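Breakdown of the fold
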Amino acid sequence: MSTDFARTWEPLVSLQRAIESAMNQNFFGFATTDQGIFPAISVFKGENELLLTAELPGTRKQDINIEVKNDLFRVSGERKVDFDPKEVSTHRRERPEGLFDRTLKLPFAINAEAVSASYEDGILRVTLPFAESAKSKKVQIS
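The structure presented is a predicted model; accordingly, all values stated were derived computationally and were not measured. (Residues numbered from 1 in each chain as written. Predicted model: local features only at pLDDT ≥ 70, side-chain atom pairs only at ≥ 80, totals over all residues. Heavy atoms only, no water.)

1. Looking at the overall build of the chain
Per the secondary structure count, the chain includes one helix and seven strands. Ordered by position in the sequence, the α and β elements of the chain form the string α-β-β-β-β-β-β-β. Burial analysis of the chain (142 residues in total) assigns 23% to the buried set. Sequence separation of at least 24 residues holds for 55% of the intrachain contacts in the chain that already meet a minimum separation of 6. Entry remark: accessible area of the chain is about 10,900 Å², with carbon and sulfur atoms responsible for 52%. (Helix = DSSP H or I, 4+ residues; strand = E, 2+ residues; numbered from the N terminus. Buried < 20%, exposed > 50% of the residue type's maximum accessible area, 1.4 Å probe, protein only. Contact = heavy atoms within 4.5 Å. Areas by Shrake-Rupley, 256 points an atom, 1.4 Å probe, with all protein chains shown as cover.)

2. Some remarks on the side chain of Ser76
Tracing the backbone shows Ser76 in strand E4 (residues 72–79). Sequence-distant contacts of Ser76, defined by excluding residues within four places in its chain, comprise Asp63, Ile64, Asn65, Phe100 and Asp101.

3. Considerations on the pattern of salt bridges
In the structure shown here, the tally under the stated rule is four salt bridges. Salt-bridge contacts for Arg60 lead to Asp63; the nearest nitrogen and oxygen are separated by 2.9 Å. Arg60 gets classed as partly exposed once you look at its relative accessible area, which sits at 43%. The partner of Asp101 in a salt bridge is Arg74, and the shortest N-O contact between them spans 2.5 Å. With Asp101 in strand E5 (residues 98–105) and Arg74 in strand E4, the pair connects residues that are 27 residues apart, well separated along the chain. (Salt bridge = Lys/Arg side-chain N within 4 Å of Asp/Glu carboxyl O.)

Set out below in structure tokens:
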């Protein structure tokens, strides 16, 4: 009887695996680039800059690349597995591993020469100062 029950659920489990596989391959186009939706990124606007945070738990600082040009921000790199897959079997895996590449179009042009970044406890923080052309200017009324 238990094998009949297992066979009943087998098509649903197969469907779930197929959907998860399609989502990981960006089949539905949820990602901003072709490498998936990792890392999760938030962007906050200050008076003269944007603050961007990216969640990169398990990623080493030397494996992260940041590029900024005009109003584009790109973070790429690799998150590696910290155990030998030959010695263990995977029961469940929810954190992505491997190469990642995200590009965001920012709402303002950025002064690329003044960008700064820090990385602590798996959180990348990037300060993106506005380019002079993006800053608002007060106009005197005559």
